[in-house]
Amino acid sequence: MSVIAYIPNQEGIIKKAGFELASYATALAENMGKEAIAVVLGPMAGDELEKLGKYGISKVMHDANPLFAQLDNRASAKALATAAAQAEVVVLAHNNEGKGVAPRLAVRLGAGYVSAVTGLPQSITPFLVNKVVFTGKAIGHAEILTAKKVLTLAYNSFGVHEKPVDVSVEAFDSGCSASDFVLNVQQTQKVTGKVLLSEAEIVVSGGRGMKSPENWKPIEELAELLGAATACSRPVSDEGWRPHSEHVGQTGKIIAPNLYFAFGISGAIQHLGGVSGSKVIVAVNKDPEAPIFEAADYGIVGDALKVLPEFIEAVKELKKG
Ligand SMILES: Cc1cc2nc3c(=O)[nH]c(=O)nc-3n(C[C@H](O)[C@H](O)[C@H](O)COP(=O)(O)OP(=O)(O)OC[C@H]3O[C@@H](n4cnc5c(N)ncnc54)[C@H](O)[C@@H]3O)c2cc1C
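Residues numbered from 1 in each chain as written. Predicted model: local features only at pLDDT ≥ 70, side-chain atom pairs only at ≥ 80, totals over all residues. Heavy atoms only, no water.

Quick notes on the overall build of the protein chain
Turning to step 1, where the next piece is worked out: The helix and strand tally for the protein chain stands at nine helices and 14 strands.
Turning to step 2, where the next piece is worked out: Here the C-alpha atoms of the protein chain give a radius of gyration of 21 Å, agreeing with the 20 Å that 2.2 N^0.38 yields for 321 residues.
Turning to step 3, where the next piece is worked out: Expressed along its principal axes, the backbone C-alpha trace of the protein chain runs to roughly 60 × 40 × 40 Å.
Turning to step 4, where the next piece is worked out: For the protein chain, buried positions account for 50% of its 321 residues.
Turning to step 5, where the next piece is worked out: Once local pairs closer than 6 in sequence are excluded, the contacts in the protein chain between residues at least 24 apart make up 64%.
Turning to step 6, where the next piece is worked out: For the protein chain, the computed accessible surface area is about 15,300 Å², with 53% contributed by carbon and sulfur atoms.
Turning to step 7, where the next piece is worked out: Across the protein chain, 30 positive and 34 negative side-chain charges occur, with their mean positions spaced 3 Å apart. (Helix = DSSP H or I, 4+ residues; strand = E, 2+ residues; numbered from the N terminus. Rg over C-alpha atoms; globule rule 2.2 N^0.38 Å. Buried < 20%, exposed > 50% of the residue type's maximum accessible area, 1.4 Å probe, protein only. Contact = heavy atoms within 4.5 Å. Areas by Shrake-Rupley, 256 points an atom, 1.4 Å probe, with all protein chains shown as cover. Lys, Arg positive; Asp, Glu negative; His and termini not counted. Charge placed at Lys NZ, Arg CZ, Asp CG, Glu CD.)

Pasting the structure below:
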């Protein structure tokens with residue numbers, strides 16, 4: 001029996017979320033006295049797969065079938081169920097793909113499923129895990145009663161931990177053929193931001209208080225200076241000021257950067273649901289009663305359009321040393 005991490009294949013690359021999953025599976029396997037195995041679906045170079053050994057993965061099962069690039073949740077669930085025949089726990093990322101594949105996989109395996117787990121189980125027998133509930137406002141405790149278990153891991157909740165081991169990469173035939181792929185992706189529009197929002201350590205975000213899309217120039221400038229990603233509240237993307245890929249919150253992306261800047265954002269509960277996992281929140285709002293100040297670690301009561309240029313100058317000065 002083993003613990004399996006399903007590693008997201010991002011166009012042949014493993015990103016931070018993949019290494020976090022590998023680290024988590026390794027720690028969980030160690031607690032359970034099991035082996036940590038990774039499964040990768042779709043084309044990926046051998047040296048990329050071997051990077052997983054740095055995070056404690058001793059075996060990588062790789063089905064290189066190019067059809068997996070379609071991200072068809074049904075096919076991925078079928079393939080993972082084959083790989084997980086001998087596994088006790090399968091861990092996936094709590095991203096769009098993980099949220100689509102995990103429940104399907106759980107049905108196939110007859111496994112108990114807990115989504116958005118925040119760390120290692122409190123106990124293995126019984127199998128007790130903590131999970132995010134009410135968009136981050138509370139933590140739930142869940143017990144899985146079945147022999148097989150499927151988990152999705154909330155972003156940035158465990159971290160990336162090195163534990164180098166010898167790794168073997170094995171070709172794996174998941175048994176998926178063309179008829180298992182029922183989707184045909186016709187077109188993909190790429191997000192153009194320089195730093196990927198879900199991976200960013202720093203995020204600079206704006207709300208309706210920024211008044212118009214033209215006023216995003218300083219937000220972008222500050223993000224560029226800090227090596228940060230840009231984000232926004234939902235009305236901002238609904239009004240077409242910013243792309244929907246930048247909208248964070250209950251109905252948008254859930255992020256957990258080290259530093260989150262909120263310029264002209266009220267801090268509605270639906271917004272905070274997507275950002276309250278941030279380690280430090282800095283808010284600028286002209287209304288001292290704005291709810292964002294209750295969530296913020298640092299707050300400035302003022303006009304964001306005036307504070308932003310001053311902020312940018314201060315960062316430039318700091319960078320000059
Ligand atoms: C089911 C549901 C799901 C939702 N999901 C999301 C979600 O995922 N993400 C999300 O963000 N929202 C979501 N919402 C909407 C949410 O309830 C709020 O309406 C939204 O977050 C408000 O966005 P905002 O703070 O940018 O705008 P507003 O509520 O208009 O607030 C603007 C803020 O800017 C301040 N301000 C104005 N001018 C300035 C200035 N010059 N300088 C500084 N501050 C200024 C104001 O004081 C105010 O606090 C959802 C709502 C529902 C019902």
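Next comes the rest of the write-up.
Looking at the side chain of T152
Turning to step 1, where the next piece is worked out: Among the secondary structure elements, T152 is positioned in strand β8 (residues 149-153).
Turning to step 2, where the next piece is worked out: A polar side-chain atom of T152 sits 2.8 Å from the main-chain amide nitrogen of A116.
Turning to step 3, where the next piece is worked out: The contact partners of T152, leaving out residues within four places of it in the chain, are L92, A93, H94, G98, A102, Y113, V114, S115, A116 and V117. (Polar contact = N/O pair within 3.5 Å; in protein donor to acceptor, adjacent residues only side chain to side chain.)

Topic: the environment of A25
Turning to step 1, where the next piece is worked out: Among the secondary structure elements, A25 is positioned in helix α1 (residues 16-32).
Turning to step 2, where the next piece is worked out: When the C-alpha atoms of A25 and L305 are compared, they prove to be 45 Å apart, with 280 residues separating the residues in sequence.
Turning to step 3, where the next piece is worked out: Setting aside anything within four residues of it in sequence, one finds A25 in contact with V3, A5 and A36.

Some remarks on the packing of aromatic side chains
Turning to step 1, where the next piece is worked out: Under the defined criterion, the tally for this structure stands at seven aromatic pairs.
Turning to step 2, where the next piece is worked out: Between W216 and W241, the ring centres sit 6.1 Å apart and the planes meet at 65°, which makes this aromatic pair edge-to-face. With a gap of 25 residues between them, W216 in the loop between β10 (202-206) and α5 (217-226) and W241 in the loop between α6 (234-238) and β12 (259-263) connect regions that are remote in the sequence. An identical accessibility class is assigned to W216 and W241; each is buried.
Turning to step 3, where the next piece is worked out: Taking the ring centre of F127 as reference, the NZ or CZ of K149 above it sits at 5.3 Å. (Phe/Tyr/Trp six-rings, centres within 6.5 Å; stacked < 30°, edge-to-face > 60°. Lys NZ or Arg CZ within 6 Å of the ring centre and 35° of its normal.)

Overview of the site of the ligand
Turning to step 1, where the next piece is worked out: Looking at the ligand, there are 25 residues lining it, with R208, K211, S233, T251 and S266 nearest.
Turning to step 2, where the next piece is worked out: R208 has a polar backbone atom sitting 2.8 Å from an oxygen atom of the ligand.
Turning to step 3, where the next piece is worked out: H247 is positioned with one of its side-chain polar atoms (N or O) 3.0 Å from an oxygen atom of the ligand.
Turning to step 4, where the next piece is worked out: Surface burial for the ligand is 76%, taken as the share of its 980 Å² of free accessible area covered by protein chains.
Turning to step 5, where the next piece is worked out: Its residues placed into classes, the shell around the ligand shows five nonpolar, 14 polar and six charged. (Near = heavy atom within 4 Å. Nonpolar A, V, L, I, M, F, W, Y, C, P; charged D, E, K, R; others polar.)

Examining α5
Turning to step 1, where the next piece is worked out: Within α5, the full set of buried residues consists of I219, L222, A223 and L225. All buried residues of α5 lie within an arc of 160° about the axis, which places them on one face of the element. Opposite the buried face of α5, by more than 90 degrees, sit the exposed residues K217 and E224.
Turning to step 2, where the next piece is worked out: Against the buried residues of α5 lie β10, β11 (229-232), β12 and α9 (304-320).
Turning to step 3, where the next piece is worked out: Downstream of α5 by one or two residues, G227 has phi in the positive range, about 65°. (Arc of directions from axis to C-beta.)

Side note on unusual backbone geometry
Turning to step 1, where the next piece is worked out: The step from T125 to P126 runs through a cis peptide bond, and the omega angle for that step is -5°.
Turning to step 2, where the next piece is worked out: Along the polypeptide, P126 turns up in the loop between β5 (112-117) and β6 (127-133).
Turning to step 3, where the next piece is worked out: Phi is positive for L71, which is not a glycine, with a value near 55°.
Turning to step 4, where the next piece is worked out: Structurally, L71 is set in the loop between β3 (59-63) and α3 (73-83).
Turning to step 5, where the next piece is worked out: The class for L71 is partly exposed, based on a relative accessible area of 46%.
Turning to step 6, where the next piece is worked out: Positive phi, normally seen in glycine, also occurs at A116, with a value near 55°.
Turning to step 7, where the next piece is worked out: With respect to the helices and strands, A116 occurs in strand β5.

Quick notes on the side chain of S278
Turning to step 1, where the next piece is worked out: Examined against the element boundaries, S278 turns out to sit in the loop between α7 (269-275) and β13 (280-285).
Turning to step 2, where the next piece is worked out: Within the structure, the side chain of S278 is placed 2.6 Å from the backbone oxygen of V275, a separation counted as a polar contact.
Turning to step 3, where the next piece is worked out: Not counting residues within four places of it along the chain, the set of residues in contact with S278 comprises I255, A256, P257 and Y260.

Describing the environment of G273
Turning to step 1, where the next piece is worked out: Within the secondary structure, G273 is located in helix α7.
Turning to step 2, where the next piece is worked out: Among the residues examined, G273 registers a relative accessible area of 7% and is labelled buried.
Turning to step 3, where the next piece is worked out: C-alpha separation for the pair G273 and G249, spaced 24 residues apart in sequence, amounts to 5.3 Å.

Re the packing of α3 against helix α4 (residues 96-109)
Turning to step 1, where the next piece is worked out: With their axes 8 Å apart at the nearest point, α3 and α4 run at an angle of 50° to one another. In terms of axis orientation, α3 runs oblique to α4. Crossing geometry of α3 relative to α4 is assigned as right-handed. When α3 is examined against α4, the residues N73, R74, S76, A77, K78, L80 and A81 are found in contact with a partner set consisting of E97, G100, V101, R104, L105, R108 and L109.
Turning to step 2, where the next piece is worked out: A breakdown of the residues in the contact of α3 with α4 according to their chemical character gives six nonpolar, three polar and five charged. (Axes fitted to C-alpha atoms, helices over the stretch in contact; angles between N-to-C directions. Parallel < 35°, antiparallel > 145°, perpendicular 65-115°, else oblique. Left-handed = near helix turned anticlockwise from the far one by under 90°.)

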